[in-house]
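Topology and contacts: notes
The lines below spell out each chain.
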Amino acid sequence: MYIFSREPLTKEDLQKIEDILRESNCPHESLTNTFPNYSGISGDEIFFDGITPQDIEHTPD
């Protein structure tokens, strides 16, 4: 899992994300309801602070 954020996330935030991914039936909705700065999720990437998958340079495998 990769997390992209313009602002640092606290240990508590990271724990909340981990708990949501482990326990939630709908992680997107849970992340939306938990974090006002949550932008989205795509595969194994979670985005905050307006970052989108298009903002990230991916290298071919």
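Described below are features of the structure shown in this document. (Residues numbered from 1 in each chain as written. Predicted model: local features only at pLDDT ≥ 70, side-chain atom pairs only at ≥ 80, totals over all residues. Heavy atoms only, no water.)

**Topic: the sheet that holds strand E3 (residues 45–48)**
Reading across from one edge, E1-E3-E2 is the order of the three strands in this open sheet, with mixed pairing throughout. The open sheet has two edge strands with one neighbour each: strand E1 (2–4) and strand E2 (38–42). Taken over all neighbouring pairs, the strand axes of this sheet differ in orientation by 15° on average, direction set aside. Relative to E3, E1 runs parallel, the two sharing three bridges. When the bridges of E3 are listed, Phe4 appears paired with Phe47. (Pairing = 2+ DSSP bridges. Helix = DSSP H or I, 4+ residues; strand = E, 2+ residues; numbered from the N terminus. Axes fitted to C-alpha atoms, helices over the stretch in contact; angles between N-to-C directions.)

**A short note on the pairing of E2**
Pairing geometry for E2 and E3, over four bridges, is antiparallel. By the bridge assignment, Ile41 is partnered in E3 with Ile46. Once E2 ends, the chain turns through two residues before running back antiparallel as E3, passing Gly43 with a positive phi of about 60°.

**A look at the nonpolar core**
Membership of the largest hydrophobic core is limited to seven residues, which are Ile17, Ile20, Leu31, Phe35, Tyr38, Ile46 and Phe48. Mapped onto this core, the elements with two or more residues apiece are helix H1 (11–23) and E3. Residues in contact with Leu31, not counting those within four places in the same chain, are Ile17, Ile20, Tyr38 and Ile46. (Core = buried A, V, L, I, M, F, W, Y, C linked by side-chain atoms within 4.5 Å. Buried < 20%, exposed > 50% of the residue type's maximum accessible area, 1.4 Å probe, protein only. Contact = heavy atoms within 4.5 Å.)

Interpretation in functional terms is not warranted from these geometric data alone.
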